[in-house]
Amino acid sequence: MEFEQNKVIDESKQGEATVLPTNETSGNKKLYVESYGCAMNFSDSEVVASIMAKEGYSTTRNVDEADVILINTCSIRENAETRVRTRLGDLKIKKKENPDLVIGILGCMAERLKTALLEEEKLVDLVAGPDAYRDLPNLIEEVGTGQKAVNVLLSRDETYADISPVRLDKGGVSAFVSITRGCDNMCSFCVVPFTRGRERSRDPKTIVEECKTLFANGYREVTLLGQNVDSYRWNLTSKGVVKDATIPTTNFAELMEMVAHVSPDLRVRFSTSHPKDMTDDVLHVMEKYENICSNIHLPVQSGNSAVLARMNRGYSREWYLDRIHAIRSIVTDCAISTDMIIGFCGETEDEHQQTLSLMDEVTFDFAYMYKYSERPKTLAERKFEDDVPEEIKGKRLSEIVEKQRSHSHLWNKKQLGRIDKVLIEGFSKKSEEHLCGRNSRNSMVIFPKDNFKKGQYVMVKITDCTSATLLGEVVEICSTNP
Ligand code: SAH
Ligand code: SF4
Ligand code: F3S
């Protein structure tokens, strides 16, 4: 029997692989949204669906019945953009069949390429950057008058905090909740600061309210999203100075605690943590609350300090290992996952070997691994040469992928015999006789379905594993049917 992968250990996953057509909501005109890239984009598509719902648009999963098609795009690596271009190629036929069809590009490619997109992709009618979604109804109206419409203004304060997102995975148990937008870090390889603009945090009250609503609607897990969740701050400047003495300040550790209080039955996850900013306070809060999951995604990018300095990451190998040590000593049984880039500008064989040795020191549960892909306008593009030959990149990537595969398998084997609390997410992809869900450490667990239901918590004894999935059987039910 085959089981689904919960974690893909290659470079295809984060940043470009997700294509998420929307579920259906009611309304006269039909909107089809497809999201590429990271969870932020998926979360933004829900904001977009909400803005469009107010204009009488219902979402559809059937692209053929759409009046408006919006593609929410990613620019993180070159192949992320290539995928979108290929998809636009497919849509040419639809536009020919129905010239009134509106095709819009949202997200990071829209922001990066701006009006050039209209010239390069003739079928595109509308281009809207990540901070311009409130303007979508006007832009669509403009297209209706026969013009092309563009808004790529970035904002210093837009957080869409007042918009309650339309959940596109209706009946789901797990939802994304954005807590910050943008990024101020300027890692030299990264396009995000250019496509998403300055970092800003969302009012904690609106975050907690959104989580309460989700819980009331049957959701049992939230993932708090930010490019760097550890730099979340409310009513504080970047230097830590209080802005308004009459209202309380909130940092990420405090925010997590507020969300953990929504209900002991609402699981809390978060992504992404930044090694330079992750404090012990955050780790102590994780340890204190059973409903905050024991999983930290802490991208290392490279195991060599000189490469990290070229990447402008703001930490060294030693600093990173100190943070790993802090996690292991404060949070019981915490899964640690990471992102790595191989073949960054000037990376020598020795430097690459240090990434491999860091992997051995940490033994990550799971990793997303990428070949470096040069992005226009980034610091690296301006300062360094993308000089590691493609075949060496390929060889180095397969070395880290191979090592990670064995580490993931090792971790999964260590979980054999454990009894884990699992939140049921639905049927296993490969079999309707099996259900799947995650444990606190974010490992996917598959077990026979019996009479268990989506949204229930069950205790599962882990009996077998592959390098990507755990197999088990339910030994106890923790909550009644939702
Ligand atoms: N904000 C997160 C990462 C967001 S992008 C953080 O700082 O960790 C997700 C991942 O894509 C990054 O961690 C990095 O590993 C990878 N990535 C970003 N830019 C890249 C590039 N130019 N080439 C290859 N991988 C890249
Ligand atoms: Fe990009 Fe660095 Fe910001 Fe992450 S922290 S989004 S890698 S600039
Ligand atoms: Fe891609 Fe933009 Fe996310 S570049 S990874 S969609 S922030």
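Residues numbered from 1 in each chain as written. Chains lettered and ligands numbered in written order. Predicted model: local features only at pLDDT ≥ 70, side-chain atom pairs only at ≥ 80, totals over all residues. Heavy atoms only, no water.

### A short note on the packing of helix 11 (residues 317-330) against helix 12 (residues 349-362)
Heads up, the rule is: Fitted lines through C-alpha atoms serve as axes, helices being fitted only where they are in contact, and the angles separating the N-to-C directions of these axes extend from 0 to 180 degrees. The helix and strand labels rest on DSSP assignments: H or I over at least four residues marks a helix, E over at least two residues marks a strand, and numbering proceeds from the N terminus. The scheme is simple: roughly parallel for angles under 35 degrees, roughly antiparallel for over 145, roughly perpendicular for 65 to 115, oblique for anything else. Should the near helix be turned anticlockwise from the far one by less than a right angle, the crossing is left-handed, and should it be turned clockwise, the crossing is right-handed. A contact between two residues is defined here by any heavy atoms of the two lying within 4.5 Å. Under this grouping Gly is polar, as are all residues other than the nonpolar Ala, Val, Leu, Ile, Met, Phe, Trp, Tyr, Cys and Pro and the charged Asp, Glu, Lys and Arg.
Packing of helix 11 against helix 12 brings their axes to within 11 Å, and their N-to-C directions diverge by 15°. By the angle class used here, helix 11 and helix 12 are roughly parallel. The two elements helix 11 and helix 12 cross, and the hand of that crossing is right-handed. Facing Arg317, Tyr320, Leu321, Ile324 and Arg328 of helix 11, the residues of helix 12 in contact are Gln354, Ser357, Leu358, Glu361 and Val362. In the contact of helix 11 with helix 12, the residues fall into 5 nonpolar, 2 polar and 3 charged.

### Brief notes about the pairing of strand 18 (residues 431-438)
Our working rule: Each residue gets one of three labels from its accessible area relative to the maximum for its type: buried under 20%, exposed over 50%, partly exposed in between, using a 1.4 Å probe on protein chains only. Between any two strands, at least two bridges found by DSSP are needed for them to pair.
Here strand 18 lies mainly inside the structure; 6 of its 8 residues are buried. As judged from the 5 bridges shared by strand 17 (residues 419-428) and strand 18, these two strands associate in the antiparallel manner. In the strand pairing of strand 18, phenylalanine 427 is matched with leucine 435. Hairpin geometry of strand 17 and strand 18 is characterised by an intervening segment of 2 residues between the two adjacent antiparallel strands. Where strand 18 lies against strand 19 (residues 444-448), 5 bridges are found, and the strand directions are antiparallel. The residue bridging arginine 438 from the neighbouring strand is methionine 444, located in strand 19. Where strand 18 folds back onto strand 19 in an antiparallel hairpin, the turn is made up of 5 residues, including asparagine 442, whose phi is positive at roughly 75°.

### Here we look at helix 5 (residues 136-144)
Worth spelling out the cut-off: What the arc covers is the set of directions going from the helix axis to the C-beta atoms.
Residues of helix 5 that are buried: Leu136, Pro137, Leu139, Ile140 and Val143. The buried residues of helix 5 occupy one face: seen down the axis, they fall within an arc of 160°. The elements touched by buried residues of helix 5 are helix 1 (39-53), strand 2 (57-59), strand 3 (68-73), strand 4 (102-106), strand 5 (126-128) and strand 6 (149-151). Taken from the residues just after helix 5, glycine 146 is the one with a positive phi, measuring 90°.

### Thoughts on the domain arrangement of the protein chain
The accessible area lost on association of the parts is a frequent measure of interface size. Note the following rule: Per the annotation, domain bounds derive from an automatic or database assignment of domains.
Partitioning the protein chain into domains gives domain 1 (9-151), domain 2 (171-293), domain 3 (296-414) and domain 4 (419-477). Spacing between the C-alpha centres of domain 1 and domain 4 amounts to 35 Å.

### Regarding the pairing of strand 3
Here is the rule we go by: Convention used here: a crossover is right-handed provided that the path from the first strand, over the helix, to the second strand proceeds clockwise when the strands point away from the viewer.
The buried count for strand 3 comes to 6 of 6 residues, which makes it a mostly enclosed element. The alternating pattern of strand 3 places Val68, Leu70 and Asn72 and Ile69, Ile71 and Thr73 on opposite faces, both of which are buried. Inspection of the sheet shows strand 1 (residues 29-35) paired to strand 3 by 5 bridges, in the parallel sense. What sits directly across from leucine 31, in strand 3, is valine 68. Relative to strand 4, strand 3 runs parallel, the two sharing 5 bridges. Bridge pairing in strand 4 places isoleucine 69 opposite isoleucine 103. The parallel pair strand 3 and strand 4 is bridged by helix 2 (residues 78-97), and the resulting crossover is right-handed.

### Re the sheet that holds strand 1
Sheet architecture is open: 6 strands sit in the order 2-1-3-4-5-6, paired in parallel fashion. Of all the strands in the sheet, the pair left with one neighbour each is strand 2 and strand 6. Pairwise comparison of adjacent strand axes, ignoring direction, gives a mean angle of 20° for this sheet.

### Considerations on the site of ligand 3
The line we're drawing: A single heavy atom is enough: if one lies within 4 Å of a molecule or strand, its residue is considered near that molecule or strand.
Near ligand 3 you find 11 residues, and of these Cys38, Cys74, Ser75, Cys108 and Gln227 are the closest. Looking at the shell around ligand 3, its residues break down into 5 nonpolar, 5 polar and 1 charged. Per-domain counts for the shell around ligand 3 show at least three residues from each of domain 1 (9-151) and domain 2 (171-293).

### What about the pattern of salt bridges?
Note the threshold: For this analysis, a salt bridge means a side-chain nitrogen from Lys or Arg found within 4 Å of a carboxyl oxygen belonging to Asp or Glu.
Applying the stated rule across the entire model yields 43 salt bridges. Between glutamate 210 and arginine 167 there is a salt bridge, and its shortest N-O distance comes to 2.4 Å. You can see glutamate 210 sitting in helix 7 (residues 204-216) and its partner arginine 167 sitting in the loop between strand 6 and strand 7 (174-178), a full 43 residues away along the chain. Across the pair glutamate 351 and arginine 310 runs a salt bridge whose closest N-O atoms are separated by 3.1 Å.

### Brief notes about empty space enclosed by the protein
Here is the rule: Residues are called lining when one of their atoms sits within 4 Å of a cavity or pocket point, these points coming from a 1 Å grid over the protein atoms alone, where a cavity is a set in which a 1.4 Å probe fits but cannot get out and a pocket is an open set with protein on both sides within 12 Å along at least five of seven lines. Grid points are joined across faces, edges and corners, and a volume is the space filled by probe spheres set on the points.
Enumeration over the complete set of coordinates arrives at 2 cavities of 30 Å³ or more. Approximately 100 Å³ is the volume attributed to the largest cavity. Lining the largest cavity are 13 residues, with Ser43, Val47, Pro165, Ser178 and Arg202 sitting closest to its centre. Of all the secondary-structure elements, those providing two or more residues to the lining of the largest cavity are helix 1 and strand 7. Looking at which element gives the most residues to the lining of the largest cavity, the answer is helix 1, with 3 residues. Residues that form the lining of the largest cavity fall into these classes: 5 nonpolar, 3 polar and 5 charged. Taken together, domain 1 (9-151) and domain 2 (171-293) each give at least three residues to the lining of the largest cavity, which thus spans both.

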